[in-house]
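Examination of the molecular architecture
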Amino acid sequence: MLNWTRRDFIKAGGASLASGLAGAPFVASGAARKARVVVIGGGYGGAIAAKYVKRLDPQIDVTLVERNKHYVSCPFSNEVLSGERDIESLTFDYQGLAARDIRVIHDEATAVDPVRKTVSLKNGKALEYDRLVVSPGIQFNWKAIEGCGPEMEKTMPHAWKAGEQTLLLRKQLEAMKDGGTAIIVVPPAPFRCPPGPYERAAQMCAYFKHHKPKSRVLILDANTAMSKRPLFEQAWAALYPGMITWTPASNSGKVLRVDQSKRTLVTEFDSYTSDVINFIAPHKAGQIAHIAGLTDAAGWCPVDPFTMESTKHKAIHVIGDASAAGDMPKSAHSAGSQAKATAAAIVAAINGQTAPNPYYVNTCYSLVAPDWGFSVAGLYKADGDKIAAIPGSVVISPTDVAPFTRKEEAAFGLSWLANITAEAFS
Ligand SMILES: Cc1cc2nc3c(=O)[nH]c(=O)nc-3n(C[C@H](O)[C@H](O)[C@H](O)COP(=O)(O)OP(=O)(O)OC[C@H]3O[C@@H](n4cnc5c(N)ncnc54)[C@H](O)[C@@H]3O)c2cc1C
C-alpha cells in the first residue's frame, strides 16, 4: 500500500511535509503534487494500463517507459508468414497515448529500487513513482536447452516477438526449396499464446499451398497437449491435408539438445534438421522483472490475484505475460484485462479507496485461413491466492459448424484485432 494518499497529504498540510521526505509519494512545493504512476513496457499490458490509469484519474501523472518507438503486434503476425498481411498493418506508435497526456519515454528501464521507489533508465536518469506497473513481456530461457543461445535468433528465428524476426522467418520460407520441411519447435508451457504455434503451422501451409505445394511442416512439441486440438486437427485435415505433422513430447517431440553448426535438433529418440527451423525457446518473465526481484523460482512474477500487485514488492504491479496469473493464459487479451483491473486498483489506492474485486477475461481467435477462424473465451476471478477460471466459463468454438460460422469467426477475429489495438494505442 502507499504510505500516503493524495487525501492524506492534503489533510496533513501538503508542502510542510515535503522537505526531508525524499522518495515519499508527495513532495511538491507549495501544493499537493500529482501522484506518479510509472509503467514499464508499452505492449498490450503496459499501454492499456497507462491509458486506463489516466482515464480513471486524469490528475495522476502517468509515465510510460518503452524501449522501442514502434510496437509490432504478435496477434495476427502469423498472417505475415502466409503473406495474408504485411507487418506494417500490425505496427503502432505511441502518439495516441502521448495525446492523452501520458508521458512516453523511449528508453530502457535498467533497474528498479522498490524501497526508494525509483526506476533507473539507460540514459542515466531515474524516475520516481508512487505505483509502478511492470509489463515487460517475456524473454527466452536459452539455458534450458543444451546448445542454445540468443545467437540462434539470426539462424533459427523464433518470430515470437513480432517484427524483424517475423520477416526473417518469412524470408527463410521463401528461400526454402519446394519439398522441404519447415520445423516449428514449441516450448514447454507456460508460453505466450498457447494456440499460436498450431495457428502458425496452418499459416505456413497457406503459403506453401500456393507457392511450394510439396512442402510440409513438422511441429516438435515439448508438450503432450495442444490448445484447441480438435479444431486445429479438423482445419489442418480440411485445408492442408497431409501437410502438418504434430509430434508431441509423448512421442519424442521434445527437443533436448541443439547442434547449431549442423542445424540439428535432438529429441529423446530422434534427430532432425531443416533449412527452416522456427525455434521458440522456453520462456521466462522479461529481464527487468528479474532485475527488480519480482520473480519466483520458475521465472515468473507472483501477484495478488485481486490487484496484480507483486507479492515480492509492495506498490509494484506485474501484468501480462510476465505475471504468474494462475489459470489465465498468456495472451494480449489477458494482459489488457489485467491492465484494467490494475489501473482500477492503483487509482483506488491513490485515492484512499478499496480496490474493486475484478473479473478477468480472455479471448483468443485463431485464423488458419482467411475465411476459417475459431476461438476460446473464458472468465477468471481471484480465488484464494490465485486467479482461477470460473467453472463452466471457458468455452471453445464447436467443431460441428457450417463453413459460414468459421468465416464469421474469422471476421470476429479481425474485429477483435482492430478493437484491442485501438484500445492500446489510441
Ligand atoms: C505469434 C503470436 C500470436 C499471438 N496471437 C495472439 C492472439 O491472437 N490473441 C491474444 O490475445 N494474444 C496473442 N498473442 C500473445 C500476445 O502477443 C502476448 O500475450 C502479449 O503481447 C503480452 O503483452 P505484454 O504487455 O505482457 O508483453 P509485450 O506485448 O511483449 O510487451 C512488452 C513491452 O515491454 C517492452 N519492454 C520490455 N522490457 C523493457 C524495459 N526494460 N524497458 C522498456 N521497455 C521494455 C518491450 O519492448 C515490449 O514493447 C500472440 C503471440 C504470438 C507470439
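This is a predicted model, so every value here is computed, not measured.

**Details of the packing of helix α10 (residues 332–350) against helix α11 (residues 403–425)**
- Where α10 contacts α11, the two axes come as close as 11 Å, and the packing angle between them is 40°. Classed by the angle they form, the pair α10 and α11 counts as oblique. Judged by the twist between their axes, the crossing of α10 over α11 is left-handed. Along the contact surface, α10 presents Ala332, His333 and Lys340, while α11 presents Trp416, Ile420 and Glu423.
- Looking at the contact of α10 with α11 residue by residue, the classes come out as three nonpolar, one polar and two charged.

**Observations regarding the site of the ligand**
- Looking at the ligand, there are 37 residues lining it, with Gly45, Glu66, Tyr71, Arg192 and Asp321 nearest.
- In this structure, an oxygen atom belonging to the ligand sits 3.4 Å away from a main-chain N or O atom of Ser331.
- A distance of 2.9 Å separates an oxygen atom of the ligand from a polar backbone atom of Ala332.
- Out of a free accessible area of 1,000 Å², the ligand has 96% covered by protein chains.
- Put simply, the parts of the chain that give the shell around the ligand at least two residues each are α2 (44–56), α10 and β22 (359–369).
- The residue inventory of the shell around the ligand, partitioned by class, reads 16 nonpolar, 13 polar and eight charged.
- When we break the shell around the ligand down by domain, the ones giving at least three residues each are domain 1 (34–137 + 286–356) and domain 2 (145–281).

**Structural notes on the pairing of strand β24 (residues 386–389)**
- Two strands pair when backbone bridges link them, and strand β23 (residues 372–383) and β24 are joined in this way by four bridges, in the antiparallel orientation. Paired with Ala382 across the bridge in β24 is Ile387.
- Taking the residues between adjacent antiparallel strands as the criterion, β23 and β24 are bridged by two residues, where Gly384 takes a positive phi near 65°.

**Here we look at the pattern of salt bridges**
- Counted by the stated rule, this structure contains twelve salt bridges.
- Asp130 is paired through a salt bridge with Arg36; the nearest N and O atoms lie 3.6 Å apart. In this pair, Asp130 sits in the loop between β8 (126–128) and β9 (131–134) while Arg36 sits in strand β1 (residues 36–40), placing the two residues 94 residues apart along the sequence. For the residue pair Asp130 and Arg36, the accessibility class agrees, reading buried in each case.
- Among the charged side chains, a salt-bridge network with shared partners connects Arg33, Arg36, Glu128 and Asp130.

**Topic: unusual backbone geometry**
- Omega for the peptide link from Ala189 to Pro190 comes to 0°, which places this bond in the cis form.
- Among the structural elements, Pro190 can be located in the loop between β11 (181–186) and α7 (196–211).
- Despite not being glycine, Met308 shows a phi value in the positive range, around 65°.
- Among the structural elements, Met308 can be located in the loop between β19 (301–302) and β20 (316–318).
- Among the residues examined, Met308 registers a relative accessible area of 0% and is labelled buried.

**Brief notes about the sheet that holds β1**
- Taken in spatial order, the five strands of this open sheet run β5-β2-β1-β9-β20, and their pairing is parallel. Edge positions in the open sheet fall to β5 (103–105) and β20, since each of these has one partner strand only. Strand after strand, the sheet turns through a mean of 20° between neighbouring axes, direction not considered.
- Strand direction decides the pairing type here: β9 and β20, joined by three bridges, are parallel. Note on β20: the bridge partner recorded for Leu132 is Ile316.

**Let's talk about the sheet that holds strand β16 (residues 271–273)**
- Taken together, three strands build an open sheet; the order of strands is β14-β15-β16 and the sheet is antiparallel. In this open sheet, the two strands that pair with only one neighbour each are β14 (257–259) and β16. Across the sheet, the axes of successive neighbouring strands diverge by a mean angle of 20°, strand direction being ignored.
- Direction of pairing for strand β15 (residues 264–266) relative to β16: antiparallel, over a ladder of three bridges. Among the inter-strand pairings, Val266 is bridged to a residue of β16, identified as Ser271.

**Considering helix α8 (residues 229–239)**
- Along α8, the residues classified as buried are Leu231, Phe232, Ala235, Trp236 and Leu239. For α8, the buried positions fall inside an angular range of 125° around the axis, keeping them on one side.

**What to know about the domain arrangement of the protein chain**
- By domain assignment, the protein chain separates into domain 1 (34–137 + 286–356) and domain 2 (145–281).
- A separation of 30 Å is found between the C-alpha centroids of domain 1 and domain 2.
- Between domain 1 and domain 2 the total buried area reaches about 1,500 Å² when both faces are included, carbon and sulfur atoms providing 62% of it.
- Looking only at domain 1, the three residues that lose the most surface to domain 2 are Asn78, Leu81 and Lys330, adding up to 43% of its buried area.
- Between domain 1 and domain 2 we count one salt bridge in total.
- Counting every contact that joins domain 1 to domain 2 gives seven residue pairs in polar contact (both at pLDDT 80 or more).
- Among the elements that make up the side of domain 1 that touches domain 2, the one with the highest residue count is helix α3 (residues 78–82) (five residues).

What counts and what doesn't
- Residues numbered from 1 in each chain as written.
- Predicted model: local features only at pLDDT ≥ 70, side-chain atom pairs only at ≥ 80, totals over all residues.
- Heavy atoms only, no water.
- Axes fitted to C-alpha atoms, helices over the stretch in contact; angles between N-to-C directions.
- Helix = DSSP H or I, 4+ residues; strand = E, 2+ residues; numbered from the N terminus.
- Parallel < 35°, antiparallel > 145°, perpendicular 65-115°, else oblique.
- Left-handed = near helix turned anticlockwise from the far one by under 90°.
- Contact = heavy atoms within 4.5 Å.
- Nonpolar A, V, L, I, M, F, W, Y, C, P; charged D, E, K, R; others polar.
- Near = heavy atom within 4 Å.
- Polar contact = N/O pair within 3.5 Å; in protein donor to acceptor, adjacent residues only side chain to side chain.
- Areas by Shrake-Rupley, 256 points an atom, 1.4 Å probe, with all protein chains shown as cover.
- Domains from an automatic or database assignment.
- Pairing = 2+ DSSP bridges.
- Salt bridge = Lys/Arg side-chain N within 4 Å of Asp/Glu carboxyl O.
- Buried < 20%, exposed > 50% of the residue type's maximum accessible area, 1.4 Å probe, protein only.
- Arc of directions from axis to C-beta.
- Buried area = accessible area lost by both parts, 1.4 Å probe.

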